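Remarks on the overall topology
Next come the chains, spelled out residue by residue.
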Number of protein chains: 2
Amino acid sequence: MKNVPYFFFAAILLCLQSCNTNNWETSVSSPSGNNSIQFYLSSDGTPNYTVAHNNNMVIDTSSMGFDFKDHHPLRGGLQLIKTTLNTQDETWEMPWGEQRTVRNHYNSLRVELEEIEAPNRKLNIHFKAYDDGVAFRYEFPEQAGRDSITIIDEHTEFQLTGDHTTFWIPGDWDIYEQLYQTTKVSEIDAIAMRDHPNLAATYIPENAVNTPVTMRSDEGLHLTFHEADLTDYAGMTLKVDNETLKLTSELVGSDRLGHKVKTALPAKSPWRTIQIADRAGDLIESRLIENLNEPSKLDDVSWFTPMKYVGIWWEMHLGLSTWDLEATQDMNTFATLGQEQTSTKHGANTENVKKYIDFAAANGFGGVLVEGWNTGWNYWIGFEDREGVFDFVTPYEDFDIDEINSYAKEKGVQMIMHHETSAAPRTYEKQMEAAYELMQKHGMHSVKSGYVGKIIPKGEYHHGQWMVNHYRKALEMAAEYQVAINAHEPIKGTGLRRTFPNMIAREGLRGQEFNAWATDGGNPPEHLPIVAFTRMLSGPIDFTPGVFDIGLPTKPNNQINTTLAQQLALYVVIYGPIQMACDLPENYEGQPAFQFIKDVGVDWEQSKVLHGEVGDFVTIAREERETGNWFVGAITDENTREITVDFDFLADGKTYKALIYRDADDAHYRDNPEAVVIENMDIDSGMSKTFVLKEGGGLAISLMVE
Amino acid sequence: MKNVPYFFFAAILLCLQSCNTNNWETSVSSPSGNNSIQFYLSSDGTPNYTVAHNNNMVIDTSSMGFDFKDHHPLRGGLQLIKTTLNTQDETWEMPWGEQRTVRNHYNSLRVELEEIEAPNRKLNIHFKAYDDGVAFRYEFPEQAGRDSITIIDEHTEFQLTGDHTTFWIPGDWDIYEQLYQTTKVSEIDAIAMRDHPNLAATYIPENAVNTPVTMRSDEGLHLTFHEADLTDYAGMTLKVDNETLKLTSELVGSDRLGHKVKTALPAKSPWRTIQIADRAGDLIESRLIENLNEPSKLDDVSWFTPMKYVGIWWEMHLGLSTWDLEATQDMNTFATLGQEQTSTKHGANTENVKKYIDFAAANGFGGVLVEGWNTGWNYWIGFEDREGVFDFVTPYEDFDIDEINSYAKEKGVQMIMHHETSAAPRTYEKQMEAAYELMQKHGMHSVKSGYVGKIIPKGEYHHGQWMVNHYRKALEMAAEYQVAINAHEPIKGTGLRRTFPNMIAREGLRGQEFNAWATDGGNPPEHLPIVAFTRMLSGPIDFTPGVFDIGLPTKPNNQINTTLAQQLALYVVIYGPIQMACDLPENYEGQPAFQFIKDVGVDWEQSKVLHGEVGDFVTIAREERETGNWFVGAITDENTREITVDFDFLADGKTYKALIYRDADDAHYRDNPEAVVIENMDIDSGMSKTFVLKEGGGLAISLMVE
């Protein structure tokens, strides 16, 4: 990373004084001064900015601008009208989350720009400097004689100052479910990832990456690029220039509409964010994304409680049952390229559901998810015209919705709704209200929604403005019916959970199910040690961990590429207010390690990343709300490593009953993944202990207040 | 041990030929020839015998004889009338037990004797030589003009051939609940053990030991002295002559009746047994005691099923609740010498019982025991006149027997009855039939009975003939009502479970409860490694293992002197077809090690003692009936030791899912007893593994068929 010499700042200041009529402040530093943003207009009136961290340039001169459908571009010819500096230091509370209280402390700079020539269009840029990163958004003020803008593209540059090691997925407009790649910026090749046999919808138009994308400089500095508050706008990918090491925003478009964003004025873009951390773990502890969103718009969210759940889902992926009543399809039929169908059993039948309810009740799970309960599944995928296929209120004949819900209620378990839209959002929108009403009637307060396949209508993409608005519409209507949403095949998280806490979790990554049938061997051991520092920065994940029968006997070509101890550790490492124990109930029976899943919290007073390196390993400790119990999770990639946990995070003077779940000495994700050792001992804050994580392994510790 | 020179046998034969008119066979060897018994009459017509093992004398010349109340003694003046040799080789099946099939293979010698002079009384002695020991019993044939005999004492001698290391409890006529002592025979001092502060009834009239008593010679040979088929006779203690190293039978008497045994003719004494083993573990594998009993008299015992159970019991011993409704007494009041009463809660209330039923149902326990459910407990101990105090059909007002039994039935759990007689057997006998009828009405098929205190009427002792007959009467009547008995403060087991399988288990040893309040510090770590080779040879034990909260927080002066891993191992080491998990349900919650208790079998296809030394350690492997799962338990005394388990007992070619529960590296029964490590791995018959048992520690392994 380039060192920023004093004369550089001097030069800028010189320019500012000569280039602008007023002596406006055009730089802002974070409260501690570690991060600073410098704005300036180039000589042709193009907005530019730079970012420095501890006086080292991390984003070199990068320009900003827009192309519009009905106007000429706004990429130059601007003059500075006014700048405003501000300071904010507030603390807000998460109704559930990685921590109870969040400090939102930043200095901001709002730059007001105007075209020098007619039509004198206005553009404001709002910068915020935090100690954990920087952010800026564009504001399009009301303009005389214009009530909306139609954006063809946004040109926000991020000029890197080194060929950083980058942990990236391609800038797919439809899906985030690719494997993370680890390359230098100069080696990023998203195009090469176009043809993925296991994705029902994928579109990678150019060499771009999706966000959050995380980089590590040769000097060990960490940068994560993302966006916050994605509202009525298109999702942003980052186009990569392998030569100049410049990233440029590339919004997801709509082939149908021929633009990328159309929005009423006044308008704001999402925040473009750069989280900056010397220590990789600080990326995870950063709440910058949530801080950049509006406070909650929901007065009361007490109807939702964070919980662990089980459900009818993994058995379909294992080929043991099907979503559709007629059992015409299973994961083997359409996902593993012509294998014979293995199951003729419809999973979501009343008897089977009751089995899961019983298991949930017996083991303290709050919820039971059932996929495949409603009509439409025999045409859900592989058919072009899927409008009107799914019905979100009509159960299959073997699924007695009344009986199931009253049985669950009696057992103290809440059913979790499932809405697979098969990426036909217009069909879903028609039925949405009735669907949420049905849920409310049955006391169901959360729904897992799915958007598998290519979006209908054709020409729309999952991450475009049209879909962003659909996802939002679902969220807002769901809130009216006290329904929380866990969206799969979603738009990425951008901190919206602060504003709409009923956005409880998302998929939006290559999940556990790929381990059951992906033709590329499933998720490699490095997958989750990357995810923790990339995808997880965008918000809660419904990863559905907890596979105990790791060898997947019904899937001879597949297995989970982690040890059992790592499956446990994921409940701590991967944050989500809902956490599935996804394996079959019978696979937990007789397993002492199941105790950890029963014990582990889902809602946290505070979280600490003890150590970690992107793509290698990570150790997180979280304190459960109410109980004060602590849980530690550590995961590693394909390499074994020794970690030392210093228990100084525990409350002083208290002794905690610890249960340690660690890899056995001969454990290995490939050959001996289920070998786990459980140890109990008393632990207090004065202690530290060294543990070995085996290849693909993990460590999970529960520390219960005496 | 003396070597038996050839001329010794020659001399005996010479004597036989000269001393008896006929050339009768008077010796018998076991089928393999390792054990042999030699009978002879001394020159004064006194019966004598010797026993040799592998040509080494283990019992030197020992005489036999009786004193009668109304006759002169029968200790000499006898002549040999006839001897009969026989061979038996049968296999019988245990309805439940340590193994399914038992081979009963022996050679026998019946010696018929007659007084040379009038009244020419007859006495037969029936010897059996087994490969695992020898036995003999006296038969009193019908005698002209005599319909019964009244025995003042039996004089059966066991002349030891060395000053063996002996594992003994005193020859108490009332109780077997003393700590085992380890001394040379010459150092046995039962008198010194007379005053025990924690025993409600104890009577040690002379320097004698109770049986089974086990000895180890300097050469490493093991001998256990006991009796089999104790029917209508008094229990036998063995008087010790510290000088001559001779043991002599001393029957338990009746001060009230002034004799020891009165029985109709023809009559038989119990078998006097000597189990002989080169390897200590062979004592445990020996089924000699059961083989010496009659086949089952019960046609159908399918109404009883071996099971694990929980119950309201340990909480009273912890001082958390009381037996009596009025809560006038608890274990602290009368058992720890004047401590303040700590509890005012009656344990056996309906709500509390339901809690245990729920816990049992949720965790696969078959039964729930409730003590303190019936009226009488406020006068159950410490009162001289306890006749009529207990009522075996009237529940306390807060114990809704109908509701409880129907609730249990609904949950698939069977209630276990409890009958504390407070050692007033006449009161019990009056109500017995009504009590068993009540059980049958509620579908209860087992009862834990208790005989705490001094026997009423005064002058009777727990181990005398009168009580032997009472215990038998209960057993026979219980069988009529399909009730199985688990007697506490019982007469010792003598293999009667073969004849009456409804004699399912007994206490008859210093049990778990002493750990909660004994003023001598509870059971030391060597206790159970002795019990396995002594008390356990007399039959199934209801030891009530499974304490997880080993530190006993409510009992500052007490704790369990084993590690948690040992508590688990006891489910395998200590045999019983009913096994309690005695700790409070809340102490099992969240404990991964509880899985072992849930998994472990209670009924066995076969059992193998892998290794062990009396008083030091023992490792037992047992194969569960039906499932074919194996379980291994190992326990050690106060010394840590390494054991190697060779898994060659497993079925060839099968892989077993093993869960290993072992002491943590820093575990210790005193300072860190709960530190347990649980490991899983695949194990097959070709493997062997070395484990470390820590001080007071243990090892438990479940090996589940895939």
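Residues numbered from 1 in each chain as written. Chains lettered and ligands numbered in written order. Predicted model: local features only at pLDDT ≥ 70, side-chain atom pairs only at ≥ 80, totals over all residues. Heavy atoms only, no water.

1. Things to note about the overall build of chain A
Helices and strands together make up the secondary structure of chain A, namely 14 helices and 36 strands. Judged by the C-alpha coordinates and their principal axes, chain A covers about 75 × 60 × 45 Å. A separation threshold of at least 6 residues defines the contact pool for chain A, and within that pool the share at least 24 residues apart is 72%. Counting only carbon and sulfur atoms, one obtains 46% of the accessible surface of chain A, whose full area is about 23,500 Å². Distance between charge centroids for chain A: 4 Å, based on 58 positive and 104 negative side chains. (Helix = DSSP H or I, 4+ residues; strand = E, 2+ residues; numbered from the N terminus. Contact = heavy atoms within 4.5 Å. Areas by Shrake-Rupley, 256 points an atom, 1.4 Å probe, with all protein chains shown as cover. Lys, Arg positive; Asp, Glu negative; His and termini not counted. Charge placed at Lys NZ, Arg CZ, Asp CG, Glu CD.)

2. Here we look at the nonpolar core
Ranked by size, the top nonpolar core spans 376 residues in total, and within it A:Phe127, A:Phe225, A:Tyr436, B:Phe127, B:Phe225 and B:Tyr436 carry the most contacts. Sequence-distant contacts of A:Tyr436, that is, excluding residues within four places in its chain, are made with A:His419, A:Tyr428, A:Val447, A:Ala474, A:Met477, A:Ala478, A:Tyr481, A:Val483 and A:Ile485. (Core = buried A, V, L, I, M, F, W, Y, C linked by side-chain atoms within 4.5 Å. Buried < 20%, exposed > 50% of the residue type's maximum accessible area, 1.4 Å probe, protein only.)

3. A closer look at the interface of chain A and chain B
Opposite the 16 residues of chain A that make contact, chain B presents 16 residues. With both chains or domains summed, chain A and chain B bury close to 1,400 Å², and 47% of this area falls on carbon and sulfur atoms. A per-residue breakdown of the area chain A buries against chain B is headed by A:Pro592, A:Ile678 and A:Asn680, which together make up 35% of the total. Here chain A and chain B share 2 salt bridges between them. (Buried area = accessible area lost by both parts, 1.4 Å probe. Salt bridge = Lys/Arg side-chain N within 4 Å of Asp/Glu carboxyl O.)

4. A word on the relation of the copies chain A and chain B
Superposing chain A onto chain B requires a rotation of 180° together with a translation of 0.0 Å along the rotation axis, leaving an RMSD of 0.0 Å. Classification of the inter-copy transformation places it as that of a two-fold axis. The residues that chain A uses at the interface reappear at the interface of chain B in 100% of cases, marking a shared surface. (Least-squares fit on C-alpha atoms with pLDDT ≥ 70 in both.)

5. Considering the pairing of strand E29 (residues 604-613) of chain B
It is a general feature of regular strands that their side chains alternate between the two faces of the sheet. All names here are of chain B. Here E29 runs beside strand E30 (residues 617-624); their pairing, made up of 8 bridges, is antiparallel. What sits directly across from Gly612, in E30, is Val618. In this antiparallel pair of consecutive strands, E29 and E30, the connection spans 3 residues, and Gly615 shows a positive phi of 80°. (Pairing = 2+ DSSP bridges.)

6. Some details on the confidence of the model for chain A
Residues and elements named next belong to chain A. Of the residues in chain A, 95% reach a pLDDT of 70 or more, and the chain-wide mean stands at 94. Within the model, the stretch residues 4-21 combines pLDDT values under 50 with 19 contacts to residues more than four positions away or in other chains. Below a pLDDT of 50 lies the segment residues 334-339, which in the model reaches 13 contacts outside its immediate sequence neighbourhood of four places, other chains included. Predicted complex metrics record ipTM = 0.85 and pTM = 0.90. (pLDDT = per-residue confidence, 0-100.)

7. Points about the packing of helix H6 (residues 350-363) of chain B against helix H7 (residues 401-410) of chain B
All names here are of chain B. As a packed pair, H6 and H7 sit with axes 10 Å apart at the nearest point and diverge in direction by 15°. Here H6 lies roughly parallel to H7, going by the angle between them. The hand of the H6/H7 crossing is right-handed. Of the residues in H7, those in contact with Thr350, Val353, Lys354, Ile357 and Asp358 of H6 are Glu403, Ile404, Tyr407 and Ala408. When its residues are assigned to classes, the contact of H6 with H7 shows 5 nonpolar, 1 polar and 3 charged. (Axes fitted to C-alpha atoms, helices over the stretch in contact; angles between N-to-C directions. Parallel < 35°, antiparallel > 145°, perpendicular 65-115°, else oblique. Left-handed = near helix turned anticlockwise from the far one by under 90°. Nonpolar A, V, L, I, M, F, W, Y, C, P; charged D, E, K, R; others polar.)

8. Concerning the sheet that holds strand E24 (residues 414-420) of chain A
Residue and element names in this part refer to chain A. Pairing is parallel across the open sheet formed by 7 strands, whose spatial order is E27-E26-E25-E24-E23-E22-E28. Only two strands of the sheet have a single partner each, and these edge strands are strand E27 (503-506) and strand E28 (578-580). Going from strand to strand, the sheet's axes swing by 30° on average, the running direction of each strand aside. Seen against the sheet, helix H8 (residues 425-441) touches E24, strand E25 (446-450) and strand E26 (484-487) and runs at an angle of roughly 175° to E24.

9. Considerations on the environment of A:Asn672
Residues and elements named next belong to chain A. The topology assignment puts Asn672 in the loop between strand E33 (655-663) and strand E34 (676-684). Note on Asn672: relative accessible area 23%, which makes it partly exposed. Along the backbone, Asn672 and Asp385 are 287 residues apart, and their C-alpha atoms lie at a distance of 45 Å. When sequence neighbours within four positions are dropped, the list of residues in contact with Asn672 reads Asp666 and Ala667. Polar contacts involving the side chain of Asn672 include one to the main-chain carbonyl oxygen of Asp666, which spans 2.9 Å. (Polar contact = N/O pair within 3.5 Å; in protein donor to acceptor, adjacent residues only side chain to side chain.)

10. Some details on the side chain of B:Thr161
Residue and element names in this part refer to chain B. Tracing the backbone through its elements, the reader meets Thr161 in the loop between strand E11 (157-160) and strand E12 (165-168). Its relative accessible area of 13% is what places Thr161 among the buried residues. A polar side-chain atom of Thr161 sits 3.1 Å from the main-chain carbonyl oxygen of Met57.

11. A look at the sheet that holds strand E10 (residues 148-154) of chain A
Residue and element names in this part refer to chain A. The sheet built from 3 strands is open, its strands ordered E5-E10-E19 with antiparallel pairing. The open sheet has two free edges, formed respectively by strand E5 (66-68) and strand E19 (261-264), since each of these has just one partner strand. Taking the axes of each pair of neighbouring strands and ignoring which way they run, one obtains an average angle of 40° across the sheet. Looking at chain direction, E10 and E19 are connected through 4 bridges and run antiparallel. Bridge pairing in E19 links Thr150 to Lys262.

12. Quick look at the packing of aromatic side chains
All names here are of chain B. Summed over the entire model, instances satisfying the criterion amount to 78 aromatic pairs over all chains. Measuring from ring centre to ring centre gives 4.8 Å for Tyr49 and Phe136, while their planes differ by 55°; the resulting arrangement is tilted. Taken together, the residues Tyr49 in strand E3 (residues 47-53) and Phe136 in strand E9 (residues 133-140) connect sequence positions 87 residues apart. The exposure class assigned to Tyr49 is buried, which follows from its relative accessible area of 0%. Centre to centre, the rings of Phe359 and Phe594 are 5.6 Å apart; their planes meet at 20°, and the pair counts as stacked. Within this pair, whereas Phe359 is found in helix H6, its partner Phe594 is found in helix H14 (residues 594-599), the two being separated by 235 residues in sequence. For the pair Phe359 and Phe594, a shared accessibility class is recorded, and that class is buried. (Phe/Tyr/Trp six-rings, centres within 6.5 Å; stacked < 30°, edge-to-face > 60°.)

13. Here we look at unusual backbone geometry
In this structure, the amide linkage connecting A:Thr211 to the following residue, A:Pro212, adopts the cis form with an omega of 0°. In this structure, B:Glu489 takes a positive phi of about 45° despite not being glycine. By secondary structure assignment, the location of B:Glu489 is in the loop between strand E26 (484-487) and strand E27 (503-506). Classification of B:Glu489 as buried rests on a relative accessible area of 11%.

14. Describing the packing of helix H8 (residues 425-441) of chain B against helix H9 (residues 465-480) of chain B
All names here are of chain B. Two numbers describe how H8 lies on H9: the axes approach to 9 Å, and their chain directions differ by 15°. As summarised for this structure, H8 and H9 are arranged roughly parallel, according to the angle between their axes. You can see that H8 and H9 cross each other, and the crossing is right-handed. Residues Pro425, Arg426, Tyr428, Glu429, Met432, Glu433, Tyr436 and Gln440 of H8 touch H9, and the partners they reach there are Trp466, Met467, His470, Lys473, Ala474, Met477, Ala478 and Glu480. Of the residues in the contact of H8 with H9, the class split is 9 nonpolar, 2 polar and 5 charged.

15. Regarding the side chain of A:Asn35
Residue and element names in this part refer to chain A. Structurally, Asn35 is set in strand E2 (residues 35-41). Residue classification places Asn35 among the buried positions, given a relative accessible area of 0%. Here Tyr130 takes part through its backbone oxygen, which lies 2.8 Å from a polar atom of the side chain of Asn35. Discounting chain neighbours no more than four positions away, the residues touching Asn35 are Val28, Ser29, Ser30, Ala52, His53, Ala129, Tyr130, Asp131, Asp132, Gly133, Val134 and Ile276.

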